[in-house]
Amino acid sequence: MNNKAKDFVKNFSYTLASNLVTMIISVLVTLVIPKMIGLKEYGYWQLYIFYSSYVGFLHFGWNDGIYLRYGGIDYNLLDKGLFFSQFYMLVMSQFIVATLITLSSYILLNDYNKLFILIMVSICLIFTNVRYMLLYILQCTNRIKEYSQIIIIGRIFYCCLIIVLLVFGIRDYKLMIISDLIGRLLSLTFAMYCCRDIVFHKISTFYFSFKETFQNISVGIKLMFANIASMLIIGVVRFGIERVWDVTTFGKVSLTLSISNFLMLFINSVGLIMFPILRRTNENKLMDIYVILRDFLMVFLLGVLISYYPLKIILGIWLPKYTDSLNYMAIVFPMCVYEGKMALLINTYLKTLREERLMLKINFIILILSIITTLFTTLLLRNLNIAILSIVILLAFKAILSEVYLSRLLNIPLYKDIFIEIILSVIFILSGWFVNSWGTMIIYGLAYIIFLLFKKKDIIASISNIIILIKS
């Protein structure tokens, strides 16, 4: 095995470990907490999770610019004095943004629970965005081990605090939010230690590096807006559900989406390490690597859908209060296929090829469609089923449109594969929704076997190419 392959395996093991820890904690949050707290409390907890998922955009692309501009560079070659100044300029900017959010919340909100949530979100904003600058620096310079350790430490402390609360019979969502913030603060502290040669300098060495800030923001803001638009595609639908229905319904739908996103933790393990590797890879090899990764990924992702009905039965026994909402898994489960492909392959390649403008354009188009469909399904039709179905349709359309453009850039014919994947997704949704029994597993399982037979030659060729890449 060559050195690059060894480094890949080593880094993958680190990211997989951190994501497994995150997944275990996500299982606790997603499956244990809703069983032990009330529906309304869980709804407020999900509202905090929902709002806090957007705080990463209030650095205005600063961190994204660092990630793109310095991706693939050796950590030791970074200008530590420059990054020291950038770090504390970001800290100051985030305190200002958090203060504005807090003051606005006091002025505009009368609901005590939502006021508390937004104040906690403003604190979360500081911890998260400051930490992400350091995480992005470690990730883009391929210091994956430290990156993974930072993630693990924060999540473990958070998990321990949640367990203590549940063991002592405390069911207050406010204390659960505070536990999350403590975990983020400890994670930030360790990140500062890992990057101590950036964070700790004499104050006299600090200077306002506005030119560097402008360059980072001007490059990163396109990626940031692309990510905002991407998150809002689902976020707009969820917001529409929260507005039209109650916080309890919002919590139930959020549970279904969270379960469907479990698989993304594994996908992100690979996606984290692919970007710096691809940035250092000869551009002529990018096409071959894409085809190999795509064949393996789609066989895996489409195969996971077979587990839907057994998983639904188990979850129904564990969470009887949410039995009705688990039916929506038949609709939203295929989102892991399209979001997994976007996270590991399409977005990683578009960032490697520096096509942030294209990412922004596509995500913005889908966001406009999301707003239109949400208004139609929630306000006009007031149909929860169609509103949830629109999530998968929008995500599938985004993945297809993005991959069509990427296939042109890489000169790869993918229309046949894309069409087959659409057919399999439709078979899964129809059998899951209308059959809703073990017959669902049989129908989709047969369709998947036919898919494997159809792709047999491609899969064998990809395995052979992987072995060649590892040895060469």
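As a convention, each chain's residues are numbered from 1 in the sequence order in which they are written. With the structure being a predicted model, the display of local features is reserved for residues of pLDDT at least 70 and the display and counting of side-chain atom pairs for 80 or more, all residues being used for whole-chain, interface and lining totals. As a convention, hydrogens and water are excluded, and side-chain values are obtained from all of the structure's heavy atoms.

Student: I keep staring at the overall build of the chain and nothing clicks. Help me out?
Tutor: Each helix is a run of H or I in the DSSP string that is no shorter than four residues. Each strand is a run of E no shorter than two, and both are numbered from the N terminus. The helix and strand tally for the chain stands at 21 helices and zero strands. With respect to the principal axes defined by its C-alpha atoms, the chain has extents near 70 × 60 × 40 Å. The burial tally for the chain puts 55% of its 472 residues in the buried class. Element-wise, carbon and sulfur atoms account for 71% of the exposed surface of the chain, whose accessible area totals about 20,800 Å². When charges are counted, Lys and Arg contribute as positive and Asp and Glu as negative, whereas His and the chain ends are disregarded. Throughout, a charge is located at the NZ atom of Lys, the CZ atom of Arg, the CG atom of Asp or the CD atom of Glu. Treating the 41 positive side-chain charges of the chain as one cloud and the 24 negative ones as another, the clouds have centres 2 Å apart. Only protein chains enter the accessibility calculation, which uses a 1.4 Å probe; a residue whose area is less than 20% of its type maximum is buried, one above 50% is exposed, and one in between is partly exposed. Residue burial considers only the protein chains on display, and all accessible areas are found by Shrake-Rupley using a 1.4 Å probe.

Student: Teacher, can you tell me more about unusual backbone geometry here?
Tutor: What is expected of a backbone is that most residues other than glycine have negative phi and most peptide bonds are trans. Unlike most non-glycine residues, Phe 60 shows phi in positive territory, near 60 degrees. For Phe 60, the position within the fold is in the loop between α2 (39–52) and α3 (62–69). Even without a glycine there, the phi angle at Asn 411 is positive, about 60 degrees. Of note, Asn 411 is situated in the loop between α18 (384–410) and α19 (415–435).

Student: Explain α18 here, please?
Tutor: One turn of an α-helix holds 3.6 residues; hence residues three or four places apart share an orientation. Along its 27 residues, α18 runs 40 Å from first to last C-alpha, staying within 8% of the 39 Å computed at 1.5 Å per residue. With 19 of 27 residues buried, α18 lies mostly within the body of the structure. A 3.5 Å cut-off defines polar contacts: any pair of N or O atoms within that distance qualifies, except that in protein one atom must be a possible hydrogen donor and the other a possible acceptor, and neighbouring residues in sequence count only when both atoms are side-chain atoms. Its side-chain oxygen at 3.0 Å from the backbone nitrogen of Asn 385, Asn 383 defines the N-terminal cap of α18. In the stretch just after α18, Asn 411 is the one whose phi turns positive, near 60 degrees. By this rule the span expected of a helix is its residue count minus one, scaled by 1.5 Å.

Student: What should I look at first to understand the packing of helix α4 (residues 80–108) against helix α9 (residues 210–244) in this one?
Tutor: Two packed helices can be described by the angle between their axes and the distance between those axes. Note on definitions: angles span 0 to 180 degrees between N-to-C directions of axes, and those axes are lines fitted to C-alpha atoms, for helices only across the stretch in contact. α9 packs onto α4 with a crossing angle of 75 degrees between their chain directions and a minimal axis gap of 10 Å. With respect to each other, α4 and α9 are oriented roughly perpendicular. Taken together, the residues of α9 that come into contact with α4 (itself represented by Leu 82, Gln 86 and Met 89) are Phe 210, Glu 212, Thr 213 and Asn 216. In terms of residue class, the contact of α4 with α9 is made up of three nonpolar, three polar and one charged. Angular relationships are summarised with four words: roughly parallel below 35 degrees, roughly antiparallel beyond 145, roughly perpendicular across 65 to 115, and oblique for the angles in between. We call two residues in contact whenever any of their non-hydrogen atoms come within 4.5 Å of each other. When residues are sorted by character, Ala, Val, Leu, Ile, Met, Phe, Trp, Tyr, Cys and Pro go into the nonpolar class, Asp, Glu, Lys and Arg into the charged class, and all the rest, Gly among them, into the polar class.

Student: How should the side chain of Ser 390 be read in this particular structure?
Tutor: Tracing the chain through its elements places Ser 390 in helix α18. Not counting chain neighbours up to four residues away, the residues in contact with Ser 390 comprise Val 237 and Thr 373.

Student: Where do I start with α3 in this structure?
Tutor: Of all eight residues in α3, seven are buried; the element is thus mostly enclosed. Turning to α3, its buried residues are Trp 62, Asn 63, Asp 64, Gly 65, Ile 66, Tyr 67 and Leu 68.

Student: In this structure, what is going on with the nonpolar core? I would like to understand it.
Tutor: What we call a nonpolar core is a set of buried Ala, Val, Leu, Ile, Met, Phe, Trp, Tyr and Cys residues that are connected through their side-chain atoms within 4.5 Å. Ranked by internal contacts, the top residues of the largest apolar core, which has 145 residues, are Trp 45, Tyr 48, Tyr 290 and Leu 302. Ranked by the residues each element gives to this core, the list is headed by helix α5 (residues 112–140), at 18 residues. If we skip the residues at most four places from it in the chain, Tyr 290 touches Leu 345, Ile 346, Tyr 349, Glu 403, Leu 406, Leu 410, Ile 412 and Leu 414.

Student: Is there a simple way to explain the confidence of the model for the chain in this structure?
Tutor: Do not read the fine detail of predicted coordinates wherever pLDDT is low. Per-residue confidence from the predictor is reported as pLDDT, which spans 0 to 100. In this model, the chain carries a mean pLDDT of 84, and residues with pLDDT of at least 70 account for 90%. For the chain, per-element mean pLDDT is lowest for helix α11 (residues 262–279), which scores 64, and highest for helix α7 (residues 173–194), which scores 93.

Student: What is the right way to look at the side chain of Gln 86 in this model?
Tutor: Among the structural elements, Gln 86 can be located in helix α4. Those residues in contact with Gln 86 that lie beyond four places of it in its chain are Trp 62, Met 133, Ser 209, Glu 212, Thr 213 and Asn 216.

Student: Hey, could you run me through the packing of aromatic side chains in this one?
Tutor: Two numbers describe a pair of aromatic rings. These are the distance of the centres and the angle of the planes. Only Phe, Tyr and Trp rings are paired, with Trp represented by its six-membered ring, and only when their centres lie within 6.5 Å; those with planes under 30 degrees apart are stacked, over 60 edge-to-face, the remainder tilted. Counted according to the given criterion, the structure contains 24 aromatic pairs. Judged by centre distance (5.6 Å) and plane angle (85 degrees), the rings of Phe 50 and Tyr 54 are edge-to-face. Overall, the relative accessible area of 6% leaves Phe 50 in the buried class. Since its relative accessible area comes to 17%, Tyr 54 is described here as buried. One aromatic cluster is present, formed by Phe 84, Phe 87, Tyr 88, Phe 206, Phe 208 and Phe 210 through successive ring pairs. Cation placement over rings: the criterion is NZ of Lys or CZ of Arg within 6 Å of the ring centroid and within 35° of the ring normal. Above the face of the Tyr 132 ring, Arg 131 is positioned so that its terminal group lies 5.4 Å from the ring centre.

Student: Which parts of the structure should I look at to understand the pattern of salt bridges?
Tutor: Between side chains of opposite charge, a pair can form when the charged atoms approach closely. By convention in these notes, a salt bridge is any Lys or Arg side-chain nitrogen within 4 Å of a carboxyl oxygen on Asp or Glu. Considering all chains together, one arrives at 14 salt bridges under this definition. Among the salt bridges present, the one from Glu 146 reaches Arg 143, with a minimum N-O distance of 3.1 Å. Given the relative accessible area of 18%, Arg 143 is considered buried. One continuous salt-bridge network, built from bridges that share partners, spans Arg 294, Lys 341, Glu 403 and Glu 421.

Student: Any chance you could explain the packing of α4 against α5 here in plain terms?
Tutor: Axis separation between α4 and α5 bottoms out at 9 Å; the angle between their running directions is 165 degrees. Accordingly, the angle class assigned to the pair α4 and α5 is roughly antiparallel. For the pair α4 and α5, the sense of crossing is right-handed. Each crossing is labelled by how the near helix is turned from the far one, with a counterclockwise turn of less than a right angle marking it left-handed and a clockwise turn marking it right-handed.

Student: Help me understand the environment of Leu 453 in this model?
Tutor: Tracing the chain through its elements places Leu 453 in helix α20 (residues 438–454). The exposure class of Leu 453 is exposed, given its relative accessible area of 60%. Through-space distance from the C-alpha of Leu 453 to that of Asp 197 is 54 Å; in sequence the pair is 256 residues apart.

Student: Please clarify how the environment of Ile 144 should be interpreted in this entry.
Tutor: Along the chain, Ile 144 turns up in helix α6 (residues 144–167). The exposure class assigned to Ile 144 is buried, which follows from its relative accessible area of 1%. The sequence separation of Ile 144 and Leu 305 amounts to 161 residues, and the corresponding C-alpha distance is 30 Å.

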